[in-house]
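Each chain, written out:
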Amino acid sequence: MLMPSVKPLGELENPSEFVARHIGIGQADEALMLSVIGEASRRALIEGIVPRSIARSQGMQLPPAVTEAAALAELKALAQKNRVLKSFIGQGYHGTHTPGVILRNVLENPAWYTAYTPYQAEISQGRMEALVNFQTMVTDLTGMAIANASMLDEATAAAEAMTLAKRSVKAKGNTLVVSGDIHPQIIEVVQTRAKPLGLTVKIAMSGEEWDNLLAGDDYFAAFTQYPASSGWLQDWTQDAAIAHGKNAAFIVAADLLALTLLKSPGEMGADIVVGTTQRFGMPMGAGGPHAGYMACRDEFKRSLPGRLVGVSVDVHGKPAYRLALQTREQHIRREKATSNICTAQVLPAVVASMYAVYHGPQGLKRIAQRVAAYTAILSKGLAQLGYTDTHHNEKGVFDTISLHTKEHTDALMARAVAEGVNLRKAWDEYIIISLDETTTRDDIQQLWTIFAPYGQALPTFDAFEKGVEPLIPTDLRRTSDFLTHPVFNSHHSETGMLRYIRALSDKDLALDRSMIPLGSCTMKLNATSEMIPITWPEFANVHPFAPADQLQGYQLLDEQLRAWLCQATGYAGISLQPNAGSQGEYAGLLVIQAYHASRGESHRNICLIPSSAHGTNPASAQMVGMQVVVTKCDDNGNVDMADLQARCEQYSDKLAAVMITYPSTHGVFETTVKELCALVHQHGGRVYVDGANMNALVGVAAPGEFGGDVSHLNLHKTFCIPHGGGGPGVGPVCVVDDLVPFLPGHAAGGLAVNGVGAISAAPLGNAAVLPISWMYIRMMGADGLKHATEAAILAANYISKRLAPHYPTLYASANGHVAHECILDLRPLKDTSGVMAEDVAKRLMDYGFHAPTLSFPVANTLMVEPTESETLDEIDRFIDAMIAIREEIRQVEQGHWPQDDNPLKNAPHTATSLMKADWPHPYGRDVGAASASTRAQAKYWPPVGRVDNVYGDRNLFCSCVPLSDYAGD
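Residues numbered from 1 in each chain as written. Predicted model: local features only at pLDDT ≥ 70, side-chain atom pairs only at ≥ 80, totals over all residues. Heavy atoms only, no water.

Cis geometry is adopted by the peptide bond preceding Pro227, which originates at Tyr226 and carries an omega value of -10°. Checked against the element boundaries, Pro227 lands in the loop between strand 5 (219-226) and helix 12 (237-245). Not every positive phi belongs to a glycine, and Lys406 is a case in point at roughly 50°. If you trace the backbone, Lys406 turns up in the loop between strand 11 (400-404) and helix 17 (409-418). For Lys406, a relative accessible area of 44% puts it in the partly exposed group. Unusually for a residue other than glycine, Ala930 sits at a positive phi of about 55°. As for its position among the elements, Ala930 is in the loop between helix 33 (925-928) and helix 34 (949-954). (Helix = DSSP H or I, 4+ residues; strand = E, 2+ residues; numbered from the N terminus. Buried < 20%, exposed > 50% of the residue type's maximum accessible area, 1.4 Å probe, protein only.)

And the structure:
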């Protein structure tokens with residue numbers, strides 16, 4: 001007989017160990033929170049919040065939860081199904097060495113990867129300095145006036161350049177002239193983006209055809225690549241002048257490493273320059289994430305899409321960084337926007353900028369010179385073997401040579417793979433070879449061996465030991481300086497670099513320090529075990545266009561993750577290609593559009609969108625050529641069903657789609673969502689359910705079951721991919737069964753194109769971060785995922801209830817409950833104290849917290865989302881801080897402190913400002929520092945005071961700040 005204390009083996013093995021590590025609320029905490037809310041159980045709470053009409057009838061069919069060690073072992077076995085060959089494919093993806101000091105202290109460091117988008121400038125100074133370094137790096141190398149930070153990848157950057165040019169130039173034509181020797185995936189994404197906008201892409205497949213197209217009068221921009229995809233170089237000065245003579249723009253996709261040796265596009269007259277920073281230290285990762293870039297002439301700067309970090313001043317006159325121009329134009333221009341980008345690729349951009357800081361201009365030039373020298377040596381050796389580079393004698397090359405191998409092409413390609421090498425086949429009888437930072441002498445010897453006829457003597461390095469002239473024409477060699485700012489010339493030792501990275505991260509407030517209670521953005525735990533696999537060589541060192549049989553691990557990862565996400569959403573099919581939520585929205589609307597076209601109903605172009613919708617919704621609809629009609633919301637923030645019905649009837653024969661967010665943007669489970677879906681279907685439209693709030697649905701309700709036709713997911717929200725300071729993201733598009741045939745294809749990546757072409761540069765988008773979501777689902781299992789949803793809803797209702805006497809919740813269901821977030825109404829405080837929601841947001845910094853979402857979706861409110869990852873102690877610490885701030889507001893209301901001189905209006909308080917001899921304020925320094933706050937952890941000191949937004953926009957400056965400007969405080 002077993003002793004009573006003996007436990008079953010299953011309990012001892014504890015396969016669901018991770019669930020308790022992910023969910024911060026224990027059983028005792030849950031009981032206390034439920035008592036505050038006034039509910040008997042978690043189940044009773046959920047049943048009173050989630051409408052029974054949409055509740056899941058059965059659970060998700062997912063593999064049972066396993067331990068962290070078991071999940072890592074299983075994923076390792078899957079990763080090892082990838083074959084990591086030495087890739088000389090190029091095509092925008094290259095081998096690179098991530099310096100160890102950057103790998104460990106940025107890419108693998110939660111101080112950097114758990115940070116949020118830097119909307120709150122005062123607690124984001126570190127990563128914004130790194131992004132200004134990025135912008136300076138790009139402008140210096142491209143020779144352009146201004147650059148953003150950053151774009152999603154090179155191909156989507158090119159597509160954004162197209163629409164930027166169309167909007168900015170005087171030319172009236174609707175044609176984009178494109179060189180045929182641009183990377184195929186770039187052309188494909190540009191074509192996808194151009195079609196719904198009614199733009200024509202004309203591809204020149206020869207120099208003569210290019211010249212003829214440039215001589216025409218029907219184009220608004222011309223687009224080329226430098227160096228070309230197959231390697232050749234050209235001075236584009238005259239071509240740019242011809243385009244300018246037609247009032248058109250000249251766009252160049254340029255390689256930044258090459259630009260350390262080459263005349264810059266800016267010096268040639270380019271108007272917009274785009275590209276990728278991947279080879280600046282970011283592994284290939286089967287296609288991403290990598291930071292794309294865009295630089296442009298000064299006249300275009302106020303139309304520049306994406307993020308732009310500018311320099312302003314704080315209240316003490318000290319330089320301070322901030323997001324300039326509020327450049328997310330989709331929130332300003334909405335249905336008139338030309339871009340729907342809401343995120344960037346901040347973490348990869350930081351890696352790239354740190355790579356440039358660490359190596360400096362001389363280090364980058366040395367790397368480029370070595371690549372160019374090896375390319376020349378390879379080419380000369382191949383010439384000895386009877387192979388002639390088709391370009392270098394005529395035009396010159398940097399790192400890529402193109403060989404006309406005729407009938408030997410397939411045999412040489414096969415021989416290369418047998419030797420562990422990937423080459424690129426082009427135009428049936430050419431082989432293209434691209435070298436990179438990781439290329440060694442042994443690699444070149446191996447390439448000679450592959451191409452050498454059997455028995456022929458191989459070339460040697462003997463003749464090149466004293467150096468070799470690069471194959472770059474003299475008139476194309478760079479003479480202008482770059483990266484002259486001290487930041488790029490001061491941190492070349494590992495000690496110096498380590499301290500610089502640490503100094504920047506110390507300025508920021510990320511999830512590794514405290515709760516980030518942002519509504520809608522779901523800042524949940526990015527567990528270490530989830531993050532570990534992304535730098536495994538089997539995932540990191542794979543080229544996205546390697547032969548399919550080398551990508552078996554990624555293919556299995558894709559299949560399994562899509563199947564699991566289908567279970568979570570109730571949809572029938574998913575594409576993981578979109579590399580941001582905004583791109584998933586765009587892809588989903590293209591799917592709907594393609595569906596209607598397949599039925600002979602291309603005239604359906606009306607998209608109904610509630611007035612409360614996230615700004616990317618109308619922007620995405622505009623980008624696919626739909627006409628946006630805004631529908632009303634009622635006083636409780638719900639979709640006004642009467643107005644929606646009237647619009648459906650008004651546009652019945654033209655209705656394409658309705659876009660909703662569920663739970664609503666106001667943080668409430670609307671009870672009429674099934675009726676809404678049925679109404680739209682009755683009029684022939686499809687229902688797009690924005691997946692931004694999926695953290696309130698997983699396991700309890702599924703959009704694909706309650707009537708949604710299409711959704712995108714934010715894997716960087718609900719499924720634990722980190723926000724990374726504003727990116728990377730992944731935005732899978734999910735569809736019901738009859739829409740599956742129209743999911744995005746990718747011709748360059750070997751995926752058939754049926755209705756929608758490539759959305760992203762790589763067929764799996766940001767493939768390298770997909771293991772994070774795989775690990776999360778594998779370790780949580782169906783029960784754990786459902787528990788997480790319920791814990792998030794519990795935490796939000798606990799905060800709403802406890803703060804109700806101090807800050808009423810603006811929207812709630814009939815029983816007073818909210819979904820997984822709540823909107824705190826601060827609007828009455830303006831009249832009683834002059835305090836605005838922004839003042840509370842800034843004051844929370846003194847208490848060591850990132851602010852909740854500010855003034856969205858309602859002005860002068862705070863949207864709070866605690867997520868399931870936070871402990872009760874941390875949630876209570878936030879609540880206590882909010883209550884303490886309310887008491888400070890009361891001091892203003894009672895006249896003890898002036899409305900224009902109090903701790904909220906002066907927040908945040910820097911250590912330097914508190915130590916000044918002169919203290920003119922009516923409250924004590926200890927009050928300013930919030931030093932008496934309860935539950936205080938190690939004090940976080942904001943590095944700058946409140947930043948002047950107006951000054952920053954009026955005096956737009958987006959490059960590294962001269963050190964002299966930092967003198968004094």
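After presenting the structure, the write-up continues.
With that settled, the discussion passes to the sheet that holds strand 22 (residues 822-825). Sheets are built from strands paired through backbone hydrogen bonds, the pairs being either parallel or antiparallel. The strand order across the open sheet built from three strands is 22-24-23, with neighbouring strands paired in antiparallel fashion. Only two strands of the sheet have a single partner each, and these edge strands are strand 22 and strand 23 (853-854). (Pairing = 2+ DSSP bridges.)

Among the nonpolar cores identified, the biggest contains 314 residues, and Met137, Phe223, Met354 and Ile433 are the most heavily contacted of them. The dominant element in this core, judged by the number of residues it contributes, is helix 16 (residues 346-384), at 21 residues. When neighbours within four sequence positions are excluded, Ile433 is seen to be in contact with Phe88, Leu378, Leu382, Asp399, Thr400, Ile401, Leu403, Leu423, Leu447 and Phe451. (Core = buried A, V, L, I, M, F, W, Y, C linked by side-chain atoms within 4.5 Å. Contact = heavy atoms within 4.5 Å.)

Attention now goes to the packing of aromatic side chains. Scanning the model with the defined rule gives 21 aromatic pairs in all. Through a chain of ring-to-ring contacts, the aromatic side chains of Trp210, Trp232, Trp236 and Phe250 assemble into a single cluster. Sitting over the face of the ring of Tyr586, Arg193 holds its NZ or CZ atom 5.2 Å from the ring centroid. (Phe/Tyr/Trp six-rings, centres within 6.5 Å; stacked < 30°, edge-to-face > 60°. Lys NZ or Arg CZ within 6 Å of the ring centre and 35° of its normal.)

In space, the seven strands of this open sheet follow the order 2-8-7-6-5-3-4, with mixed pairing throughout. Of all the strands in the sheet, the pair left with one neighbour each is strand 2 (146-147) and strand 4 (200-204). Helix 8 (residues 125-142) rests against strand 2, strand 7 (272-276) and strand 8 (292-296) of the sheet, and its axis sits at about 60° to strand 8. Strands in contact with helix 12 are strand 5 and strand 6 (249-254); relative to strand 6, the strand with the most contacts, it is inclined by about 145°. (Axes fitted to C-alpha atoms, helices over the stretch in contact; angles between N-to-C directions.)

Our next topic: the packing of helix 9 (residues 154-168) against helix 10 (residues 184-194). Across the interface, helix 9 lies against helix 10 with an axial gap of 8 Å and an inter-helix angle of 45°. Relative to helix 10, helix 9 is oriented oblique. In this structure, the crossing between helix 9 and helix 10 has a hand that is right-handed. Together, Glu154, Ala155, Thr156, Ala158, Ala159, Glu160 and Met162 of helix 9 and Gln185, Ile186, Val189, Val190, Arg193 and Ala194 of helix 10 make up the contact between the two elements. Within the contact of helix 9 with helix 10, the residues separate by chemical class into eight nonpolar, two polar and three charged. (Parallel < 35°, antiparallel > 145°, perpendicular 65-115°, else oblique. Left-handed = near helix turned anticlockwise from the far one by under 90°. Nonpolar A, V, L, I, M, F, W, Y, C, P; charged D, E, K, R; others polar.)

Our focus in this paragraph is helix 11 (residues 207-214). Among the residues making up helix 11, those that are buried are Trp210, Leu213 and Leu214. For helix 11, the arc enclosing every buried residue in end-on projection is 100°, short of the 170-degree limit, so these residues lie on one face. Turned more than 90 degrees from where helix 11 packs its buried face, Glu208 and Asn212 sit exposed. Those residues of helix 11 hidden inside the fold are in contact with strand 3 (175-179), strand 4, strand 5, helix 12 and strand 6. (Arc of directions from axis to C-beta.)

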